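Chain and residue survey
Single-letter residue listing:
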Amino acid sequence: MDRKLDPSRDDLPLMANTSHILVKHYALDLEVDFESQVMEGTIVLFFAPDDPENRFRKKDSSTEETCQSESSEACTARMPEPCHVPGTSTRTFSSKTGYNDFAMCGKGEKDTSGKDGNHDNWEQASGISSSKYCCDTGNHGSEDFVLVLDCCDLSVLKVEEVDVAAVPGIEKFTRSPKLTVVSELRNQIVHELVTLPADRWREQLDYFACCSQAPGCGELLFDTDTWSLQIRKRGAQTATDFPHAVRIWYRTKPQGRSVTWTSDQSGRPCVYTMGSPINNRALFPCQEPPVAMSTWQATVRAAASFVVLMSGENSAKPTQLQEGCSSWHYYVTMPMPASTFTIAVGSWTEVKAETCSSNDLAAERRGFSPSDADFGCVGVCCHMEYPCRFQNASATTQEIIPHRVFAPVCLQGACQGTLLPLVPPCLSAAYSVLRTHPFSRLDVLVVPANFPSLGMARPNKEKTGCVSDSGSSVIKHGLNPEKVFMQVHYLKGYFLLRFLARRLGDDTYLSFLRKFVLTFHGQLILSQDFLQMLLENIPEEKRLELSVESIFRDWLESSGIPQPLQTERQAGAECGLARQVGVEVEKWSRVNRRPRKRKRRGTEEVFEKLLPDQLVLLLEHLLEQKTLNPRTLQRLERTYHLPQQDAEVRHRWCELIVKHKYTKAYKTVERFLQEDQAMGIYLYGELMVSEDARQQQLARRCFELTKEQMDRCSAQVVAEMLF
């Protein structure tokens, strides 16, 4: 574990020893401070030693029981709002309520720790050098077991074992009341809690909340390096002996690569997380490998003027606290990788329809939480157990799930007129193709202009790197700053699916998609799983020499345009919409060839109205023209109102402006570089390649205006272009 990695290298290390121990549930308790640009608080991790044979095995008959009512012995409240000062032991446990005495606290003590801003008690407590210590990260050996978590850009202040046995009513989770070793008793409680059947999910969440607020029962030794947090307990030599409930006191850093502090389109402060190259390890210590599937719940406090959104299953509402502070609570009952956790805090406005239609009311009435579900056995699920909507008869017929749309104040009108009406038909279309929605609700947020990611995939077939016995691995090129701007694999993937749909026919293909989702929902899959199942479920005559190997070879592993796609492009030129674009291109070519002298009105071209996708195709064809004169460009802009079109259209329009040095529209390029920063990366390159002094000056001026708010990877890529 003394491996030292240079963060500037391309490969992203996944350090967590997931082959030995797995996080089953996270309980976060955080406070958001915009003044210092940090989130601080605690996270409690509930563990179970890994059992590969049982990792995806379903539980037995208990899943078919109906949802029981909440136990009277469970905690008396559901969403605790604890007070805490990170780094100090200020918690007191009330046996009467099962929670901490609540009071609003300050921002906590300053982090006066040493190395890399992280408090480190490993050397102080044990005298072991962090760069030379020797330990056993497996299940056997004479040294202490070491828990390794993925962690970066965090100030870890304290780590402690949680005394879950102190929670009132928790004794019902002890199968062996005669246990005399207290640590074994605590671990048995956690084991029983994380293995509760799905129909007791509400009770399970309540007890997770109570346990996360239980007092500490001893600090644990810990150390940090660039990419990991290592924790051990003296005398715990195996993962089974290691505490199954651990609380970590920590705070994020303003420069942390998982959290972006910025302003929204209205100029108001906001913060969001995203699937950055290092995922969520700069938001909380976690297990990053996707195999570490877990549930979570989070309580987040912020000033009352802010809205807190998370990727949770419940439609959270704020709880007003003292001193102008609000608290928000979200949870997830479907085990998912830690990288799927997202949070956004800002002065968002919920966009609502001006008039509520009967369809909207019906959709709202159809909305429900898992607690309302009658989990009868609709089908057989192959994933690990959780309250699955595919097992709920009501959910399987819910065409439109409840949804909310949030946006900055300045975009409220645009969202109300354009975005909000699109959500129900999109949900309905998804249901018509794939049937049951996997989640019970949806929040849509219009993200700030500097949201950088155009994609988050790391394509490398089933191989992400060398996996050690502990479960740690490396994602090749995961830290390459240019990776998030590479769209080739998305484009090829899209056209591959289109190719398969055309080959099989829509009915056969969509039928397969429904079967695929029904079979693999809630599970981790590889592209091979999809292709293998596809080939096994189509008639022999439609395979036409297709195989998993040939598809990988022709579509995913080779460079350039696959031969089947070239053939399809030729056929696509015969499409009615494409032919219409071709006619319009010819009209614009004639307009561009005409002399400046005005012609008679009868010879003027009349242009047809085009769809956005047709506009993109039109502009791409015009980009192939060697020259377009300023008059043509001006008329093009006015005819289609190009500055008011969507980002895809405006991007092509900006490319035309740059290519033909249409100076009258340079303001449009400047606006795009500031408001569409992720897509604008490509324009910076074109501005510099032109070797035009005015265009290069424009690029450098826009970069100076946006670099402080720009995503770190984006800024790095652009800086390399400009200087």
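Residues numbered from 1 in each chain as written. Predicted model: local features only at pLDDT ≥ 70, side-chain atom pairs only at ≥ 80, totals over all residues. Heavy atoms only, no water.

The chain is annotated in an unreviewed UniProt entry as Aminopeptidase O isoform X4 from Hipposideros armiger. On record in UniProt, under Sequence similarities (unreviewed entry), the comment for the chain is "Belongs to the peptidase M1 family." (UniProt positions renumbered as here; feature names shortened; annotations may be inferred.)

**Describing the overall build of the chain**
When helices and strands are counted, the chain shows 20 helices and 20 strands. The buried share of the chain, reckoned over its 723 residues, is 51%. Contacts in the chain between residues far apart in sequence, at least 24 positions, make up 73% of those at least 6 positions apart. Approximately 33,800 Å² of the chain is accessible, and the part contributed by carbon and sulfur atoms is 52%. (Helix = DSSP H or I, 4+ residues; strand = E, 2+ residues; numbered from the N terminus. Buried < 20%, exposed > 50% of the residue type's maximum accessible area, 1.4 Å probe, protein only. Contact = heavy atoms within 4.5 Å. Areas by Shrake-Rupley, 256 points an atom, 1.4 Å probe, with all protein chains shown as cover.)

**As for the packing of aromatic side chains**
This model, assessed by the stated rule, comprises 22 aromatic pairs. With a centroid separation of 5.0 Å and 80 degrees between ring planes, the pair formed by Phe516 and Phe530 is classed as edge-to-face. One end of the pair, Phe516, is in helix H8 (residues 506-520); the other, Phe530, is in helix H9 (residues 527-536), and 14 residues separate them in sequence. In this structure Phe516 comes out as buried when scored by relative accessible area, which is 10%. Taken together, the aromatic side chains of Tyr26, Phe284, Trp296 and Phe341 make up a single cluster linked through ring pairs. Its guanidinium or amino end placed over the ring of Tyr431, Arg435 lies 5.6 Å from that ring's centre, counting from NZ or CZ. (Phe/Tyr/Trp six-rings, centres within 6.5 Å; stacked < 30°, edge-to-face > 60°. Lys NZ or Arg CZ within 6 Å of the ring centre and 35° of its normal.)

**A look at unusual backbone geometry**
Unusually for a residue other than glycine, Glu323 sits at a positive phi of about 60 degrees. Along the polypeptide, Glu323 turns up in the loop between strand S14 (319-320) and strand S15 (325-336). Notably, Glu691 is not glycine yet its phi reads approximately 60 degrees, a positive angle. Mapped onto the elements of the fold, Glu691 is located in the loop between helix H18 (677-689) and helix H19 (693-706).

**A look at the pairing of strand S9 (residues 245-252)**
With eight of eight residues buried, S9 lies mostly within the body of the structure. Burial along S9 is two-sided: the face carrying Ala245, Arg247, Trp249 and Arg251 and the face carrying Val246, Ile248, Tyr250 and Thr252 are both buried. Where strand S3 (residues 38-49) meets S9, seven bridges bridge the pair, whose relative direction is antiparallel. Paired with Ile43 across the strands is Ile248, a residue of S9. (Pairing = 2+ DSSP bridges.)

**Structural notes on empty space enclosed by the protein**
It is the rolling of a water-molecule-sized probe over the atoms that shows where space remains empty. Under the criterion given, the structure shown has seven cavities of 30 Å³ or more. Roughly 80 Å³ of volume is contained in the second largest cavity. Along the walls of the second largest cavity sit ten residues, with Glu313, Thr333, Pro387, Arg389 and Pro438 positioned nearest its centre. (1 Å grid on protein atoms, 1.4 Å probe; cavity = no way out; pocket = protein on both sides within 12 Å on 5 of 7 lines; lining within 4 Å. Points joined across faces, edges and corners; volume = space filled by probe spheres on them.)

**Here's the deal with the sheet that holds strand S18 (residues 403-407)**
Read from one edge to the other, the open sheet built from three strands follows the order S17-S18-S19, with strand pairing classed as mixed. Both outer strands of the open sheet, strand S17 (349-351) and strand S19 (442-445), are each paired with one neighbouring strand and no more. Ignoring which end each strand starts from, the neighbouring axes of this sheet average 35 degrees apart. Of the pairings in the sheet, the one linking S17 to S18 comprises three bridges and is antiparallel in character. Bridge assignment links Glu350 to a residue of S18, and that residue is Phe406. (Axes fitted to C-alpha atoms, helices over the stretch in contact; angles between N-to-C directions.)

**Focus on the confidence of the model for the chain**
When pLDDT is averaged along the chain, the result is 81; 76% of the residues meet or exceed 70. Low pLDDT, under 50, characterises residues 53-141; the predicted model gives this stretch 220 contacts beyond four residues in sequence or across chains. Taken together, the stretch residues 361-377 has pLDDT below 50 and engages in 36 contacts with residues farther than four places along the chain or on a different chain. (pLDDT = per-residue confidence, 0-100.)

**Brief notes about the environment of Ile538**
Examined against the element boundaries, Ile538 turns out to sit in the loop between H9 and helix H10 (540-543). Residue classification places Ile538 among the buried residues on the basis of a relative accessible area of 6%. Spatially, the C-alpha atom of Ile538 lies 7.5 Å from that of Thr508, the residues being 30 residues apart in sequence.

**Things to note about helix H14 (residues 612-623)**
For H14, spanning twelve residues, the distance from its first C-alpha to its last is 16 Å, which sits close to the expected 16 Å at 1.5 Å a residue. Buried residues of H14: Gln614, Leu615, Val616, Leu618, Leu619, Leu622 and Leu623, and no others. Buried positions along H14 lie against helix H13 (576-593), helix H15 (630-640) and helix H16 (647-659). (Expected span 1.5 Å × (residues − 1).)

**With respect to H16**
Between its terminal C-alpha atoms H16 stretches 18 Å, which fits the 18 Å expected from 13 residues at 1.5 Å a residue. Of all 13 residues in H16, eleven are buried, a share of seventy percent or more. Residues of H16 that are buried: Ala647, Val649, Arg650, His651, Arg652, Trp653, Cys654, Glu655, Leu656, Ile657 and Val658. Buried residues along H16 sit in contact with H14, H15, helix H17 (666-675), H18 and H19. The residue sitting at the N-terminus of H16 and contributing the capping side-chain oxygen is Asp646; that oxygen lies 3.1 Å from the backbone nitrogen of Glu648. Lys661 occupies a position one or two residues after H16 and carries a positive phi of about 50 degrees. (Polar contact = N/O pair within 3.5 Å; in protein donor to acceptor, adjacent residues only side chain to side chain.)

**So, the side chain of Ser294**
For Ser294, the location among the structural elements is in strand S12 (residues 294-303). Relative accessible area serves as the criterion here: at 2%, Ser294 is assigned to the buried category. Beyond its immediate stretch of four places on either side in the chain, Ser294 contacts Val23, Lys24, His25, Tyr26, Met334, Pro335 and Met336.

**Looking at the packing of H8 against H9**
With their axes 11 Å apart at the nearest point, H8 and H9 run at an angle of 130 degrees to one another. If you check the angle between H8 and H9, you find them oblique. Between H8 and H9 lies a crossing whose hand is right-handed. Contacts from Tyr509, Phe512, Leu513, Lys515, Phe516, Thr519 and Phe520 of H8 reach H9 at Asp529, Phe530, Met533 and Leu534. (Parallel < 35°, antiparallel > 145°, perpendicular 65-115°, else oblique. Left-handed = near helix turned anticlockwise from the far one by under 90°.)

**Points about the nonpolar core**
With 62 residues, the main nonpolar core has Tyr26, Ile231, Ile248 and Phe284 as its most contacted residues. Counting residues per element, this core draws most heavily on strand S2 (residues 21-33), at six residues. If we ignore the near neighbours within four places in the chain, the residues touching Ile248 are Gly41, Thr42, Ile43, Leu45, Leu149, Val156, Lys158, Val159, Leu229, Ile231 and Pro285. Formed by 45 residues, the second largest nonpolar core is a distinct cluster that contains Phe607, Leu628, Leu636 and Leu722. (Core = buried A, V, L, I, M, F, W, Y, C linked by side-chain atoms within 4.5 Å.)

**Quick look at the environment of His437**
Checked against the element boundaries, His437 lands in the loop between helix H6 (423-434) and S19. Residue classification places His437 among the buried positions, given a relative accessible area of 7%. A C-alpha to C-alpha distance of 7.7 Å links His437 and Gln398, two positions 39 residues apart in sequence. Look past the residues within four positions of His437 in its chain and what remains in contact with it is Arg389, Gln398, Glu399, Ile401, Leu427, Ala430 and Tyr431. Within the structure, the side chain of His437 is placed 2.9 Å from the backbone oxygen of Glu399, a separation counted as a polar contact.

**Topic: the side chain of Asp144**
With respect to the helices and strands, the residue Asp144 is situated in the loop between helix H1 (122-126) and strand S4 (146-150). Within the local environment of Asp144, its side chain forms a polar contact with the side chain of Arg232, the two groups lying 2.4 Å apart. Of the polar contacts made by the side chain of Asp144, one reaches the backbone nitrogen of Gly235; its length is 3.0 Å.

**Remarks on the pairing of S15**
Judged by how many residues are buried, S15 sits mostly within the fold: twelve of twelve residues are covered. Two elements, S12 and S15, share nine bridges in a ladder whose sense is antiparallel. Each residue of the ladder has a partner; that of Ala302, found in S15, is Ser326. Bridge analysis of S14 against S15 gives two bridges, and the strand direction is antiparallel.

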